[in-house]
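Given next are the chains, with one letter for each unit.
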Amino acid sequence: MTFELIKQRPALITLPAEEIADHPDEVKATIGRGVPVAAVLPRICFDRELAALRGQLEACKQAGVTDAYVGNLGLISLCRELEMNLRGDFGLQVFNSQGAKEYKRLGFQSLTASFELKLAQIRDLSKAVDMEMIAYGRLPLMITENCAVKNQSGKCTCANVNLLTDRKGVRFPVERAYGCRNEILNANKVFLADKAADWKGAGLRAVRLLFTTENGVECSQVLEAYRGKGAYRPNNFTRGLYYRDVE
């Protein structure tokens, strides 16, 4: 969350709840500059981890954060208790119009469409609530319960970017997930900046740019590209499933 990125005034910055709790002053300053911040809740959270997460969300509220992206139905009640606005993350797997209507009934103010849908299917979804889609970034492939790095070396260094290399030499980033779990990310980034006419015609409230392994300069360049003001293009990218059927 660099000054250069904040200066571009994105509509919303989303950060993991634990990151907000660890850096409340920076978050307060960002909100003070007129850029709202929302907390992203973990997709996996066991009962034994709820007390810690509650503390982090309380710290988020004290920093001025009012919205929470929920990808786990079990965390809805916690957000309601803390009077945080519900926004649906991709973990909810919003795949059809009936699901969107049900989430509206549960009190969600916005939803993120499943990235397993084609763009044409997202366009045809009922917009019972504001709809978003992930239009950029490394999509998650797998989340592990145990820290693979710690199991291998005996020491947890998953705060650093690690790589998993398959038999074809393709390298997949392995990042820390909540609770010292690991998230294995796609080797290639979804990139749709040059397809703006398509996602702008899908009836969306917004598109989300999912930053994981990018540095501050790259984040600013990506945002510029999606606003039609820059020529950023990743070396290796994919269109995801947005232009083909789920197999």
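Small disclaimer: the values here were computed from a predicted structure and weren't measured.

**Student:** An account of the layout of surface pockets is requested, with residue identities and associated values reported.
**Tutor:** Estimated volume of the second largest pocket: approximately 230 Å³. In this structure, the second largest pocket is lined by 13 residues; those nearest its centre are Phe115, Leu139, Leu141, Asn186 and Leu241. Within the lining of the second largest pocket, the residues separate by chemical class into 6 nonpolar, 5 polar and 2 charged.

**Student:** Quick rundown of the sheet that holds strand S7 (residues 140-144)? Include the residues and the values.
**Tutor:** Across the sheet, 4 strands lie side by side as S7-S10-S9-S8; this open sheet has antiparallel pairing. With one partner strand each, in any of the chains shown, S7 and strand S8 (162-165) form the two edges of the open sheet. Going across the sheet, the axis of each strand differs from the next one's by a mean of 30°, ignoring polarity. Inspection of the sheet shows strand S9 (residues 171-177) paired to strand S10 (residues 181-185) by 4 bridges, in the antiparallel sense. Of the residues in S10, the one forming a bridge with arginine 176 is asparagine 182.

**Student:** Tell me about the pattern of salt bridges, and name the residues and values.
**Tutor:** Enumeration over the complete set of coordinates arrives at 16 salt bridges. The salt bridge involving glutamate 81 is made with arginine 54; its shortest N-O contact spans 2.3 Å. One end of the pair, glutamate 81, is in helix H5 (residues 76-81); the other, arginine 54, is in helix H4 (residues 50-62), with 27 residues separating them in the sequence. Using a relative accessible area of 30% as the deciding quantity, one classes arginine 54 as partly exposed. Look at the salt bridges and you will find they share partners, linking Arg48, Glu49, Glu145 and Arg181 into a network.

**Student:** Outline helix H10 (residues 216-226), listing residues and values.
**Tutor:** Along H10, the residues classified as buried are Cys219, Ser220, Val222, Leu223, Ala225 and Tyr226. Where H10 is buried, its residues meet helix H1 (3-7), strand S6 (130-137), strand S11 (189-191), helix H9 (196-200) and strand S12 (206-210). Of the residues flanking the start of H10, the one acting as N-cap is asparagine 215, its side-chain oxygen 3.1 Å from the backbone nitrogen of valine 217. Of the residues trailing H10, glycine 228 is marked for its positive phi of about 75°.

**Student:** Tell me about the side chain of glutamate 132, and name the residues and values.
**Tutor:** With respect to the secondary-structure elements, glutamate 132 resides in strand S6. For glutamate 132, a relative accessible area of 0% translates into the label buried. Residues in contact with glutamate 132, not counting those within four places in the same chain, are Tyr69, Ser110, Leu111, Thr112, Ala113, Leu204, Arg205, Ala206 and Arg208.

**Student:** Please provide a residue-by-residue account of unusual backbone geometry, values included.
**Tutor:** Leave glycine aside and you will find that most residues have negative phi; peptide bonds, for their part, are mostly trans. We note that arginine 9 has phi near 55°; this positive angle belongs to a residue other than glycine. By the secondary structure assignment, arginine 9 is in the loop between H1 and strand S1 (13-16). Classification of arginine 9 by relative accessible area gives partly exposed; the value is 47%. Even without a glycine there, the phi angle at cysteine 180 is positive, about 60°. Its location among the elements puts cysteine 180 in the loop between S9 and S10.

What counts and how
- The numbering scheme is per chain: residues are counted from 1 as the chain's sequence reads.
- Given that this is a predicted model, residues contribute local features only at a pLDDT of at least 70 and side-chain atom pairs are listed and counted only at 80 or more, while totals for whole chains, interfaces and linings are drawn from all residues.
- Each side-chain value is worked out from all heavy atoms of the structure, with water and hydrogens disregarded.
- Computed over the protein atoms alone on a 1 Å grid, cavities are sets of points where a 1.4 Å probe fits but cannot get out and pockets are open sets with protein on both sides within 12 Å along at least five of seven lines; a residue lines them when it has an atom within 4 Å of a point.
- Grid points are joined across faces, edges and corners, and a volume is the space filled by probe spheres set on the points.
- Residues are grouped as follows: Ala, Val, Leu, Ile, Met, Phe, Trp, Tyr, Cys and Pro are nonpolar; Asp, Glu, Lys and Arg are charged; every other residue, Gly included, is polar.
- For two strands to be treated as a pair, DSSP must find at least two bridges joining them.
- Secondary structure is summarised from DSSP: a helix means a run of H or I of at least four residues, a strand means a run of E of at least two, and numbering begins at the N terminus for each.
- Comment: axis = line fitted to C-alpha atoms, over the contacting stretch for helices; angle = value between 0 and 180 degrees taken between N-to-C directions.
- Whenever a carboxyl oxygen of Asp or Glu lies within 4 Å of a side-chain nitrogen of Lys or Arg, that contact is scored as a salt bridge.
- For every residue, the accessible area (1.4 Å probe, protein chains only) is compared with the maximum for its type, and the residue is labelled buried under 20%, exposed over 50%, or partly exposed between those bounds.
- We call two residues in contact whenever any of their non-hydrogen atoms come within 4.5 Å of each other.
- What qualifies as a polar contact is a pair of N or O atoms within 3.5 Å, subject to a donor-acceptor requirement within protein and to the restriction that residues adjacent in sequence count only when both atoms come from side chains.

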